[in-house]
Amino acid sequence: MELGLKGKNVVVTGGGNNIGRAIALAFAAEGSNIAIAELDRAAGQRVAGEVAAMDTGASAIVIDADVTDRARTAAMMSDAIARLGSVDVLVNNVGWTVDRLFLDKSREEHVKEVDVNLWGAINCIHAALPHMIERQSGAIVSISSDAGRMGEYREAVYAACKAGVIALSKSLARETGRYGLRLNMVCPGLVAPPQDEVVGSESMWRQGMEEIFTAETLERVRRAYPLRRMGTAAEVANAVVFLASDAASFITGQTLSVSGGYTMM
Ligand SMILES: NC(=O)c1ccc[n+]([C@@H]2O[C@H](COP(=O)([O-])OP(=O)(O)OC[C@H]3O[C@@H](n4cnc5c(N)ncnc54)[C@H](O)[C@@H]3O)[C@@H](O)[C@H]2O)c1
């Protein structure tokens, strides 16, 4: 299948860790030019180094980003357009949560969940659309979550935001399809960073997530998946690359779960 991603310019937000890293590497395998938009520059640079070591014609730059901030996100997108020449693909990957019951979280934690997960996607799409509309071309893939499709225990506000990302993208797929733009969503299952992977300072896996997802919990999760195993970040990335590619040219407004059959809808 011809994906048509060689030489395409791709912005991956949060591309310095875990799923975002795998997404950046998967586009690099296709020979794309990647801008890793990161709050954690060191993490972004680690992944840019991995891309540079690949022999696919891909390139990677790191762009400072805080997707929660409208002005900084506009500057991030302008920087990406200036340095890459254009942006063909935006992957909204940044996300954040802390796994705890609704009433046990502070207002600050709820605000951060909304800022990062929902405002982050709104700000990035808002910054990319004028450029993509002007070019009459563009693909946006946003990382949502099965929590946003069916709700999830201990993830109430995060789930609300991820549902919001789906509704936002579907609405904008209706508004911008006439300009040749496509917006789709990918919902990963639980993907913990591998033991040997460096976990950056801004990753949600730095704040006790590993203690919450103990071996016993992970075994329970594994049994909840019809495929009876945990997925990998690379498997999520494959779906993102497909939806961003020419091979998905007639697909827009769709939500694809990559979670071993955990949700079927
Ligand atoms: N890992 C999972 O189990 C899982 C499951 C379902 C959905 N998701 C979603 O997948 C996406 C990636 O998850 P992950 O586990 O790789 O996350 P992660 O926390 O490991 O990585 C997030 C990346 O975003 C960067 N970042 C954080 N805040 C930022 C900001 N304000 N501006 C710019 N960059 C920022 C971090 O530095 C980090 O590199 C998220 O949207 C998450 O909600 C993850």
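Overview of the structure. (Residues numbered from 1 in each chain as written. Predicted model: local features only at pLDDT ≥ 70, side-chain atom pairs only at ≥ 80, totals over all residues.)

1. Side note on the site of the ligand
Around the ligand, a shell composed of 30 residues is seen, among which Gly14, Asn17, Asn18, Gly95 and Glu202 lie nearest. Across the shell around the ligand, the residue classes tally to 14 nonpolar, 12 polar and 4 charged. (Near = placed C-beta within 6 Å. Nonpolar A, V, L, I, M, F, W, Y, C, P; charged D, E, K, R; others polar.)

2. Section: the packing of helix 1 (residues 18-29) against helix 9 (residues 233-244)
Packed helices, taken two at a time, are described by the angle between their axes plus the distance between the axes. Where helix 1 meets helix 9, the axes come as close as 8 Å, and the angle between the chain directions of the two elements is 55°. When the axes of helix 1 and helix 9 are compared, the pair comes out oblique. Helix 1 and helix 9 meet at a crossing whose hand is right-handed. Residue-level inspection shows Asn18, Ile19, Arg21, Ala22, Ile23, Ala26 and Phe27 of helix 1 in contact with helix 9, the latter providing Ala233, Ala234, Val236, Ala237, Asn238, Val240 and Val241. When the residues that make up the contact of helix 1 with helix 9 are grouped by side-chain class, the tally is 11 nonpolar, 2 polar and 1 charged. (Axes fitted to C-alpha atoms, helices over the stretch in contact; angles between N-to-C directions. Helix = DSSP H or I, 4+ residues; strand = E, 2+ residues; numbered from the N terminus. Parallel < 35°, antiparallel > 145°, perpendicular 65-115°, else oblique. Left-handed = near helix turned anticlockwise from the far one by under 90°. Contact = placed C-beta atoms within 7 Å.)

3. Quick word on unusual backbone geometry
The phi dihedral of Asn18 falls on the positive side, at around 45°, and the residue is not glycine. Of note, the phi angle at Arg154 is positive, near 70°, even though the residue is not glycine. For Arg154, the position within the fold is in the loop between helix 5 (147-150) and helix 6 (156-176). With 16 C-beta atoms packed within 10 Å, Arg154 lands in the partly exposed category. (Buried ≥ 20, exposed ≤ 12 C-beta atoms within 10 Å, placed from the backbone.)

4. Some remarks on the environment of Ser201
Tracing the chain through its elements places Ser201 in the loop between strand 6 (181-188) and helix 7 (209-212). A count of 11 C-beta atoms within 10 Å places Ser201 in the exposed class. C-alpha of Ser201 to C-alpha of Val47: the two residues are 154 residues apart in sequence and 14 Å apart in space. Residues contacting Ser201, with those up to four places away along its chain left out, are Asp40 and Arg206.

5. Considering the sheet that holds strand 5 (residues 138-143)
Read across the open sheet, the 7 strands follow the order 3-2-1-4-5-6-7; overall the sheet is parallel. What marks the edges here is a single partner per strand, and that holds for strand 3 (59-64) and strand 7 (255-258). With strand direction ignored, the average angle separating the axes of adjacent strands in the sheet is 20°. Across 4 bridges, the pairing between strand 4 (residues 89-92) and strand 5 is parallel. For Asn92, the partnering residue across the bridge sits in strand 5 and is Ser142. (Pairing = 2+ DSSP bridges.)

6. A few points about the pairing of strand 6
Burial analysis of strand 6 places 8 of its 8 residues in the buried class, which makes it a mostly covered element. Alternating residues of strand 6 divide into Leu181, Leu183, Met185 and Cys187 and Arg182, Asn184, Val186 and Pro188, and every residue in both groups is buried. For strand 5 and strand 6, the ladder comprises 6 bridges, and the chain directions are parallel. What sits directly across from Ile140, in strand 6, is Leu183. In terms of strand pairing, strand 6 meets strand 7 through 4 bridges, oriented parallel. Each bridged residue has a counterpart across the sheet, and for Val186 the counterpart in strand 7 is Leu256.

7. A closer look at the nonpolar core
A general tendency of soluble globular proteins is for nonpolar side chains to be buried together. Counting 71 residues, the largest nonpolar core has Ile23, Ala24, Ile34, Ile36, Ala128, Val186 and Val240 as the members making the most contacts within it. Not counting residues within four places of it along the chain, the set of residues in contact with Ile36 comprises Val12, Gly15, Gly16, Ala24, Gly44, Val47, Ala48, Ala60, Val62 and Ile63. (Core = buried A, V, L, I, M, F, W, Y, C linked by C-beta atoms within 7 Å.)

8. Examining the pairing of strand 4
Along strand 4, one buried face is formed by Val89 and Val91 and the opposite face, lined by Leu90 and Asn92, is buried too. Pairing of strand 1 (residues 9-13) with strand 4, which is carried by 3 bridges, proceeds in the parallel orientation. What sits directly across from Val12, in strand 4, is Val91. Handedness of the crossover joining strand 4 and strand 5 through helix 4 (residues 107-135) is recorded here as right-handed. (Right-handed = clockwise from strand over helix to strand, strands pointing away.)

9. What to know about helix 9
Relative to the 16 Å expected for 12 residues at 1.5 Å per residue, helix 9 spans 17 Å between its end C-alpha atoms, a close match to the ideal helical length. Considered for burial, the residues of helix 9 that qualify are Ala233, Val236, Ala237, Ala239, Val240, Val241, Leu243 and Ala244. Against helix 1, strand 4, strand 5, strand 6 and strand 7 lie the buried residues of helix 9. (Expected span 1.5 Å × (residues − 1).)

Function cannot be read off these values alone, since they describe shape.
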